[in-house]
Amino acid sequence: MAAHLSYGRVNLNVLREAVRRELREFLDKCAGSKAIVWDEYLTGPFGLIAQYSLLKEHEVEKMFTLKGSRLPAADVKNIIFVARPRLELMDIIAENVLSEDRRGPARDFHILFVPRRSLLCEQRLKDLGVLGSFIHREEYSLDLIPFDGDLLSMESEGAFKECYLESDQTSLYHAAKGLMTLQALYGTIPQIFGKGECARQVANMMIRMKREFTGSQNSIFPVFDNLLLLDRNVDLLTPLATQLTYEGLIDEIYGIQNSYVKLPPEKFAPKKQGDGGKDLPTEAKKLQLNSAEELYAEIRDKNFNAVGSVLSKKAKVISAAFEERHNAKTVGEIKQFVSQLPHMQAARGSLANHTSIAELIKDVTTSEDFFDKLTVEQEFMSGIDTDKVNSYIEDCIAQKHPLIKVLRIVCLQSVCNSGLKQKVLDYYKREILQTYGYEHILTLYNLEKAGLLKPQTGGRNTYPTVRKTLRLWMDDVNEQNPTDISYVYSGYAPLSVRLAQLLSRPGWRSIEEVLRILPGPHFEERQPLPTGLQKKRQPGENRVTLIFFLGGVTFAEIAALRFLSQLEDGGTEYVIATTKLINGASWIESLMEKPF
């Protein structure tokens, strides 16, 4: 059991156990010793549900990364390929299988498609003459992966591009399948709310799937009261802004992958006297970040400006606890101190790590460029000078700052102005192409198609109406002891989270006008529950809402939802699901066309 998955109202260990069981059953079908050949992208997500120890129990002796040419030698009976249904991966698998056949003793080959089998891929394997070599060809429906006690992700890296640029609904189908799995484990969700075109599609798929399974009545008492499906393109602004929570900044600067972060090692080297700084480690420091670590759970969602004081308080508490050893006189007292020692040492190690991370982040956040960029972002979000060419953006292009950074801030200006005047847009495009190269013309086209960088149509900027009605900009933000979700961006309240907050209380009827301005339909569906399963809420008991972001969610939005869950009179606790955990840079990068 993973303790950090069961601290909330919904025990996500139930889901983790279900997917582990399915994996064990597949491994047991392939009797004898095994080697697993992994599609590299899947190793991170799989690591969150099954450690090597579980695989070892089921006779997995070797693990390799899927790459061209021959597989490393392995004295095993079964070779299992675990891969996403991608044609380019099938070519590599076929190459591996053919080179193994030439090598000698016959092996049993198996293939496990994640998350779905694909006829196209099987046809490709057939064309390459290896389809018959596979004894088991199965799918492993790893749709939603539990990351934390209130967080699930599909980790589908292309979901936003597929949905909004290529009109490919595959990831929406997987989202609907994932939600059906959740309902099978946690009961039918009585009410579904949604906003956006993709949200409507997912809700329709769920209703259709439910109709197809009418025979099996779900008799589990519902854990969730509501499901809110939100399209990412309803709120294109939030991911473009720089996140200012502790976890958000770690992700912005270093990138968190499958709850792990790699950090520069020199800050973590143990300091020895008289060393003179020789032999500094060169291997990046890899840390796991989730709520299993007490200190991280406490500071992850705070505004970065409030983290320092928490760390210094913790340091005082820990050093006072270690000082207690001088007061331990009797054998009983000494024994008690010794029994607490492992926990205290872990707390001290944790504090040292986070102090180092905070120092690394502070080096960035106190830089002049970070301040300039933040100032411009906050001006745009509060509606200042969004309709003319910005001198900071001009300087960034002239100094050839990273292209992703430039695109991100230009898109932010466009979104805060409901599109740019044609003259301003043409100027930016020309400057970007002349500085960074004309091969980026396809990227600019993608950003326009996604609605991120576009000309203003209809001649009216609707953002001020949305900003005022939803109170998206708050001037007086208390970063230390926040009273509103806007603390996660030091002034800007994420539009997506504000929609969730208003749905919970007083309801969306109060903001009909704004909902009509935002893209896509808004809707409500009810799923009837069999008698006896209707929930009678106790006085003071909070509702549980599952909020599903189609197209990605940022750590700052997650922090804002956790803040709402913890409010005394909030009335709602949130569990967050998404197609992918994103930040502005990774999101823009997913829309860029790689120049050939």
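Here the structure is a predicted model, which is why all the values come from computation and not from measurement. The numbering scheme is per chain: residues are counted from 1 as the chain's sequence reads. Only residues with pLDDT of 70 or above have their local features reported here, since the model is predicted, and side-chain atom pairs are shown and tallied only from 80 upward, although totals for entire chains, interfaces and linings are computed over all residues. Each side-chain value is worked out from all heavy atoms of the structure, with water and hydrogens disregarded.

1. Quick notes on unusual backbone geometry
Using the following cut-off: Every helix listed is a DSSP run of H or I at least four residues long, and every strand listed is a run of E at least two residues long, numbered separately from the N terminus. Buried means the residue's accessible area, taken with a 1.4 Å probe over protein chains only, is under 20% of the maximum for its type, while exposed means over 50%, and partly exposed covers the values in between.
In this model, Val114 is joined to Pro115 through a cis peptide bond whose omega is 0°. Secondary-structure assignment places Pro115 in the loop between strand E4 (108-113) and helix H5 (119-127). Of note, the amide linkage connecting Arg505 to Pro506 takes the cis form, showing an omega dihedral of 10°. Residues other than glycine seldom take positive phi values, yet Glu155 does so here, at roughly 50°. Along the polypeptide, Glu155 turns up in the loop between strand E7 (151-153) and helix H6 (159-164). What makes Glu155 buried here is its relative accessible area of 6%. Although it is not a glycine, Asn258 adopts a positive phi angle of roughly 50°. Among the structural elements, Asn258 can be located in the loop between strand E10 (256-257) and strand E11 (260-263).

2. Focus: helix H15 (residues 403-415)
This is how the line gets drawn: For a helix, the expected span equals 1.5 Å multiplied by the number of residues minus one.
Taking 1.5 Å of rise per residue, 13 residues should cover 18 Å, and H15 covers 18 Å from first to last C-alpha, within 8% of that figure. Every buried residue belonging to H15 is among Leu403, Lys405, Val406, Leu407, Arg408, Ile409, Val410, Cys411, Leu412, Gln413, Ser414 and Val415, and all of these are buried.

3. Structural notes on the pattern of salt bridges
Keep this limit in mind: Any Lys or Arg side-chain nitrogen located within 4 Å of an Asp or Glu carboxyl oxygen qualifies as a salt bridge.
Applying the stated criterion to the full structure yields 36 salt bridges. A salt bridge links Arg86 to Glu88; the shortest N-O distance between them is 4.0 Å. Judged by relative accessible area, Arg86 falls into the partly exposed class, the value being 29%. The exposure class assigned to Glu88 is partly exposed, which follows from its relative accessible area of 47%. Residues Arg526 and Glu524 are paired through a salt bridge, measuring 3.7 Å at the closest nitrogen-oxygen approach. Look at the salt bridges and you will find they share partners, linking Asp148, Asp150, Glu247, Arg300, Asp301 and Arg562 into a network.

4. Considerations on the nonpolar core
Just so we agree on the cut-off: In this description, a nonpolar core means a group of buried Ala, Val, Leu, Ile, Met, Phe, Trp, Tyr and Cys residues linked to one another through side-chain atoms lying within 4.5 Å. Residue contacts follow a heavy-atom distance rule, with two residues in contact if any of their heavy atoms lie within 4.5 Å.
Of all hydrophobic cores here, the largest spans 167 residues; its most connected members are Phe46, Leu452, Leu499 and Phe548. With residues near it in sequence (within four places) discarded, Leu452 still touches Leu236, Leu240, Cys411, Ser414, Val415, Leu447, Trp587 and Leu591. Listed in part, the 23 residues of the second largest apolar core include Ile79, Ile93, Cys121 and Val130.

5. Remarks on the environment of Leu237
With respect to the helices, strands and loops of the structure, Leu237 is situated in the loop between strand E9 (226-231) and helix H9 (246-253). Along the sequence, Leu237 and His343 sit 106 residues apart, while their C-alpha atoms lie 42 Å from each other. Setting aside chain neighbours within four positions, we find Leu237 in contact with Met381, Leu412, Val415, Cys416, Tyr463 and Tyr492.

6. So, the sheet that holds E9
Spelled out, the test is: We treat two strands as partners when DSSP finds at least two bridges between them. In this description, a line fitted to the C-alpha atoms serves as the axis of each element, helices being fitted only across the stretch in contact, and the angle between N-to-C directions of two axes falls anywhere from 0 to 180 degrees.
Judged by pairing direction, the sheet is mixed, and its seven strands sit side by side in the order E6-E7-E15-E14-E9-E8-E13 without closing on themselves. The open sheet has two edge strands with one neighbour each: strand E6 (145-148) and strand E13 (522-526). Sheet twist, expressed as the average angle between the axes of neighbouring strands with direction ignored, equals 20°. In the sheet, strand E8 (residues 191-195) pairs with E9 via five bridges, with the strands oriented parallel. Following the sheet pairing, Ile192 is matched in E9 by Leu227. In this fold helix H8 (residues 197-212) packs onto E8, E9, E13 and strand E14 (543-550), with an angle of close to 140° to the strand it touches most, E9.

7. Comments concerning a negative patch on the surface
Just so we agree on the cut-off: A patch is a set of surface residues, each over 30% in relative accessible area and not in a salt bridge, joined within 9 Å for like charges and within 5 Å for the nonpolar side chains Val, Leu, Ile, Met, Phe, Trp and Tyr. Accessibility throughout is a Shrake-Rupley quantity obtained with a 1.4 Å probe, and a residue counts as covered only by protein chains that appear here. In this tally, Asp and Glu contribute negative charge and Lys and Arg positive charge; neither His nor the terminal groups of the chain are included. Every charge is mapped onto a representative atom, which is NZ of Lys, CZ of Arg, CG of Asp or CD of Glu.
Taken together, Glu25, Asp28, Glu59, Glu61 and Asp75 make up a surface patch of like negative charges. Of note, Glu59 is situated in the loop between helix H3 (52-57) and strand E2 (60-65).

8. Description of the domain arrangement of the protein
Rules: Those domain boundaries reflect an automatic or database domain assignment. Note on definitions: buried area is the accessible-area loss of two parts on being combined, 1.4 Å probe, summed for both. Between N or O atoms, a polar contact is any pair within 3.5 Å; within protein, one atom must be a potential hydrogen donor and the other a potential acceptor, and residues adjacent in sequence are included only when both atoms are from side chains.
As far as domains go, the protein holds domain 1 (3-142), domain 2 (146-238 + 502-588) and domain 3 (246-259 + 287-366). The C-alpha centroid of domain 3 is placed 33 Å from the C-alpha centroid of domain 2. Across the boundary between the two partners, domain 2 contributes nine residues, which contact eleven residues of domain 3. Counting each side, the surface lost to burial between domain 2 and domain 3 is near 900 Å², with a carbon and sulfur contribution of 44%. Of all residues in domain 2, Asp148, Phe555 and Asn583 give up the largest surface area on contact with domain 3, accounting jointly for 53% of the area buried on that side. Across the pair Asp301 and Arg562 runs a salt bridge, and its minimum N-O distance is 3.2 Å. At the boundary of domain 2 with domain 3, the tally comes to four residue pairs in polar contact (both at pLDDT 80 or more). Looking at the side of domain 2 that touches domain 3, the elements that each hand over two or more residues are E6 and helix H21 (555-566). The biggest single contributor to the side of domain 2 that touches domain 3 is H21, with three residues.

9. Structural notes on the packing of helix H4 (residues 87-103) against H5
The criterion, for reference: Here a crossing is called left-handed whenever its near helix is offset anticlockwise from the far helix by less than a right angle, and right-handed whenever the offset is clockwise. Three classes are used, and their members are as follows: Ala, Val, Leu, Ile, Met, Phe, Trp, Tyr, Cys and Pro are nonpolar, Asp, Glu, Lys and Arg are charged, and the others, Gly among them, are polar.
As a packed pair, H4 and H5 sit with axes 9 Å apart at the nearest point and diverge in direction by 35°. As for the relative orientation of H4 and H5, their crossing is right-handed in sense. Every residue of H5 that contacts H4 at Leu87, Met90, Asp91 and Ile93 is listed here: Leu120, Cys121, Arg124 and Leu125. Of the residues belonging to the contact of H4 with H5, the class tally is six nonpolar, no polar and two charged.

10. Considering the packing of aromatic side chains
Both the distance between ring centres and the angle between the ring planes are used here to describe each pair of aromatic rings. Selection rule: Classification of ring pairs rests on two measures: the distance between centres of Phe, Tyr or Trp rings, Trp counted by its six-membered ring, which must be within 6.5 Å, and the angle between planes, read as stacked under 30 degrees, edge-to-face over 60 and tilted in between. Only lysine NZ and arginine CZ atoms are considered, and such an atom sits over a ring when it is within 6 Å of the ring centre and within 35 degrees of the ring normal.
Enumeration over the complete set of coordinates arrives at 13 aromatic pairs. Geometrically, the ring pair formed by Phe81 and Phe109 is stacked, given 6.3 Å between the ring centres and 25° between the ring planes. Taken together, the positions of Phe81 in strand E3 (residues 78-83) and Phe109 in strand E4 put the pair 28 residues apart, joining distant regions of the chain. On the basis of relative accessibility, which here comes to 0%, the residue Phe81 falls in the buried class. Relative accessible area serves as the criterion here: at 1%, Phe109 is assigned to the buried category. Feature note: the residues Trp38, Phe46 and Tyr140 constitute an aromatic cluster, connected by ring pairs. Lying across the ring of Phe523, Arg200 places its NZ or CZ 4.1 Å from the centre.

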